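Listed here are the chains, written in short residue letters.
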Amino acid sequence: MPILLHCSDVHFGPPHLPNVAEGFLALIDSQRPDLVVISGDLTQRAKPEQFVEARRFVDRIPVPSLVVPGNHDVPMYRVWERVFDPFGAYRKHFSSDLEPVYRDREMLVIGINTAFNWTIKGGRITSHRLREVGELLAAAPGQLFKVVVPHHDLIPPPNLERPRVLANSRRAMALFAASGVDLVLSGHQHQAYIGTSEEFYPQGTPPVIVVHSGTTTSSRGRGGERHLNTCNRIEFDAGSLTVSHYAWQPALDRFAEQSRHWYPRRQISPYTLEAIAGTPAAPAAPAVPAAPAVPAAPPSAPAAP
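**Student:** Explain the environment of Gly111 residue by residue, including any values.
**Tutor:** Inspection of the secondary structure assignment puts Gly111 in strand β5 (residues 107-112). Residues Gly111 and Leu66, spaced 45 residues apart in sequence, show a C-alpha to C-alpha distance of 7.4 Å. Once you skip the residues sitting within four places of it in the chain, Gly111 turns out to touch Leu66, Val68, Glu99, Pro100, Arg129 and Val149.

Put into structure tokens, the structure is as follows:
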């Protein structure tokens, strides 16, 4: 089954955790995914040296990757740049492409830049980009696994004091649902979370699965993930997709699977796991390092008569 690894909010700069970043690279080496997705906030303050560090990190990923910027990748205090050239440092020191697209024989993954210069935290999807995304989706073969990647959330994680989603989110989700999108991958809130489009934008159709990653390599976790680090593993076939939340475990010195969620693909009718022909059970767990063998205890002496 094709595999994606999804991380977010790596925040090169003071909050970045180099040892956890090495752990994520080790996870990539062990899983060998088809694609790594980084859904924004590469830096803490959009400084050139932070983008250079982020570029070195991404260059060490041994498989294809797709990266979009986040609101922290726009300068906050360099006001002239923020107003007139908000992505100048990103383009110069990291990548000229703010909205990359990845295609292979099994999937189409579309990056969407939701950051812009006039906000501190909020995001938006422009009407122009929605039209472009709609055209890409309309031209894609129906059987492709379709993914969109914005930085900001279309569905708010639970327990936020002031939940807000990106501007144009309702229109965007209507397009994604109508165009057969299977999955949305985002970050921004520093909490891992999984939801569906039908929970917040009900249309009476099979749901688009929405997956958030927490901060994967920084000390800026929030809520129940305060001081924690998370990422996601997604695998899919013609009938279903499985999302596993991974969390950094200091005692193990690695990322380990924490929970797993199994869904039918949107084209399955009726929309049930039972309708997936030839799939009698949930996918098996990915391999993990074996525990050391424990010697067998010697046989006990026979009881006295």
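**Student:** I'd like a description of the sheet that holds strand β1 (residues 3-7), backed by residues and values.
**Tutor:** An order of β3-β2-β1-β10-β11-β12 is seen for the six strands of this open sheet, with the pairing classed as mixed. At either margin of the open sheet sits one strand with a lone partner, and together these are β3 (65-68) and β12 (254-264). Averaged over all pairs of adjacent strands, the angle between strand axes in this sheet comes to 20°, irrespective of strand direction. As defined by bridge partners, strand β2 (residues 35-39) adjoins β3 across four bridges and the pair is classed as parallel. Along β3, the bridge assignment pairs Val37 with Leu66. On top of the sheet, helix α1 (residues 18-31) reaches β1, β2, β10 (230-236), β11 (240-249) and β12; it is set at about 175° to β1, its chief contact.

Conventions used here
Residues numbered from 1 in each chain as written. Predicted model: local features only at pLDDT ≥ 70, side-chain atom pairs only at ≥ 80, totals over all residues. Heavy atoms only, no water. Helix = DSSP H or I, 4+ residues; strand = E, 2+ residues; numbered from the N terminus. Contact = heavy atoms within 4.5 Å. Pairing = 2+ DSSP bridges. Axes fitted to C-alpha atoms, helices over the stretch in contact; angles between N-to-C directions.

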